[in-house]
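These are the residues of each chain, in order.
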Amino acid sequence: MRYSIENPSAYIDSNLVGFGNILELARHQKVQHLVYASSSSVYCENEKQPFSEHDPVDHPVSLYAATKKANEVMAHSYSHLYGLRTTGQRFFTVYGPWGRPDMAPFLFTKAILNGDPIKVFNHGNMQRDFTYIDDIVDGVLKCSEKPPARGVTNKFRTPATSDAPYTIFNIGNSNPVKLLDFIEAIELASGHTAKKELMDIQPGDVTVTYADTSLLKSATGYQPKTHITQGVHSFVEWYQGYYSSKF
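Please read these numbers as outputs of a predicted model, since none were measured by experiment.

1. A short note on the packing of aromatic side chains
Now for step 1: This structure, assessed with the given rule, holds 21 aromatic pairs.
Now for step 2: Of note, arginine 27 hangs over the ring of tyrosine 82, and the distance from its end group to the ring centre comes to 4.3 Å.

2. Let's talk about the environment of proline 165
Now for step 1: With respect to the helices and strands, proline 165 occurs in the loop between helix 5 (133-144) and strand 7 (166-171).
Now for step 2: With relative accessibility at 2%, the residue proline 165 sits in the buried group.
Now for step 3: Separated by 135 residues in sequence, proline 165 and lysine 30 place their C-alpha atoms 14 Å apart.
Now for step 4: Ignoring any residue separated from it by four or fewer positions in sequence, one finds proline 165 in contact with Ser79, Gly83, Leu84, Arg85, Thr86, Pro148, Ala149 and Arg150.

3. Describing the sheet that holds strand 7
Now for step 1: One open sheet holds the 3 strands; their spatial order is 1-2-7, and the pairing between them is parallel. Only two strands of the sheet have a single neighbouring strand rather than two, namely strand 1 (34-39) and strand 7. Mean inter-strand twist for the sheet, computed between neighbouring axes without regard to direction, equals 25°.
Now for step 2: Both strand 2 (residues 86-91) and strand 7 contribute to a ladder of 6 bridges, which runs parallel. By the bridge assignment, glycine 88 is partnered in strand 7 with isoleucine 168.
Now for step 3: Running at roughly 155° to strand 1, helix 3 (residues 63-82) makes contact with strand 1, strand 2 and strand 7 of the sheet.

4. Describing the packing of helix 2 (residues 8-28) against helix 3
Now for step 1: Put simply, helix 2 and helix 3 touch, their axes get as near as 10 Å, and they point 15° apart. The orientation of helix 2 relative to helix 3 falls into the category roughly parallel. Between helix 2 and helix 3 lies a crossing of right-handed hand. Listed contacts from helix 3 to Pro8, Tyr11, Ile12, Asn15, Leu16, Phe19, Gly20, Leu23, Glu24 and Arg27 of helix 2 are Leu63, Tyr64, Thr67, Lys68, Ala70, Asn71, Met74, Ala75, Tyr78 and Tyr82.
Now for step 2: The residue inventory of the contact of helix 2 with helix 3, partitioned by class, reads 13 nonpolar, 4 polar and 3 charged.

5. Here's the deal with helix 2
Now for step 1: For helix 2, with 21 residues, the first-to-last C-alpha span of 29 Å sits near the 30 Å given by 1.5 Å per residue.
Now for step 2: Of all the bends in helix 2, the largest measures some 25° and sits at glycine 18.
Now for step 3: Among the residues of helix 2, Tyr11, Asn15, Phe19, Gly20, Leu23 and Ala26 are the ones counted as buried.
Now for step 4: Phi turns positive one or two residues past the end of helix 2, at lysine 30, with a value near 55°.

6. Description of the nonpolar core
Now for step 1: Counting 26 residues, the largest nonpolar core has Ile118, Phe182, Ile183 and Val232 as the members making the most contacts within it.
Now for step 2: For this core, the elements supplying multiple residues, two or more each, are helix 4 (104-114), strand 4 (117-121), helix 6 (179-190) and helix 8 (228-242).
Now for step 3: Here the element with the most residues in this core is helix 8; it accounts for 6 residues.
Now for step 4: Setting aside residues no more than four positions away along its own chain, isoleucine 118 makes contact with Phe108, Ala111, Ile112, Ile183, Ala194, Lys195, Lys196 and Glu197.

Conventions used here
Residues numbered from 1 in each chain as written. Predicted model: local features only at pLDDT ≥ 70, side-chain atom pairs only at ≥ 80, totals over all residues. Heavy atoms only, no water. Phe/Tyr/Trp six-rings, centres within 6.5 Å; stacked < 30°, edge-to-face > 60°. Lys NZ or Arg CZ within 6 Å of the ring centre and 35° of its normal. Helix = DSSP H or I, 4+ residues; strand = E, 2+ residues; numbered from the N terminus. Buried < 20%, exposed > 50% of the residue type's maximum accessible area, 1.4 Å probe, protein only. Contact = heavy atoms within 4.5 Å. Pairing = 2+ DSSP bridges. Axes fitted to C-alpha atoms, helices over the stretch in contact; angles between N-to-C directions. Parallel < 35°, antiparallel > 145°, perpendicular 65-115°, else oblique. Left-handed = near helix turned anticlockwise from the far one by under 90°. Nonpolar A, V, L, I, M, F, W, Y, C, P; charged D, E, K, R; others polar. Expected span 1.5 Å × (residues − 1). Bend = angle between axes of the 7 residues up to and from the residue. Core = buried A, V, L, I, M, F, W, Y, C linked by side-chain atoms within 4.5 Å.

Here is the structure:
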């Protein structure tokens, strides 16, 4: 998300132009159900907690959030015009093996293992609904088996007033974790102590993310299973094995 401030064109190319190409491909190839990744970032600075799919998401505080909101609107237009069945999934702070190396779990773990300082924004006064990758995948697979239908009364459809075969679901752990507690979990899993540089909040950051997953649970039976200590331990163990030659 911070990188979208430094390089906005990269996000315009991938999240807008790229997603437009995916929608066109899905339309012409008559894809039966398009399941795509949105983001919890669309909720921005909403004060109501936890975040619900029915909450307004009209005031993005980063270009990244704006492009993800745009993806949802673009998908709805294709669902309405062409009957393309689409399900958007608002992921909440995904972590685990094979994740992005520019995200906090990777950056923190690498620095802690190397004895380097880590940047802790907003002086650590942040919470994230950290969701382990296995639980995300489980939610994706469950959603793929539940394509929305046109013109059918469906309490899971968002927006509720649309008759397009389109819906949005939150996928999260529904249990916000303090950033400092997440760092402590890495310390415990790695056996190293973090050197923290407490810094002010960055532009485009939000202080809390918290998923209401009741719609997804009602529609698919989704239930995250991975506690933060277990997930962090699995991630750190994988990281140490994969990057063992670096330290």
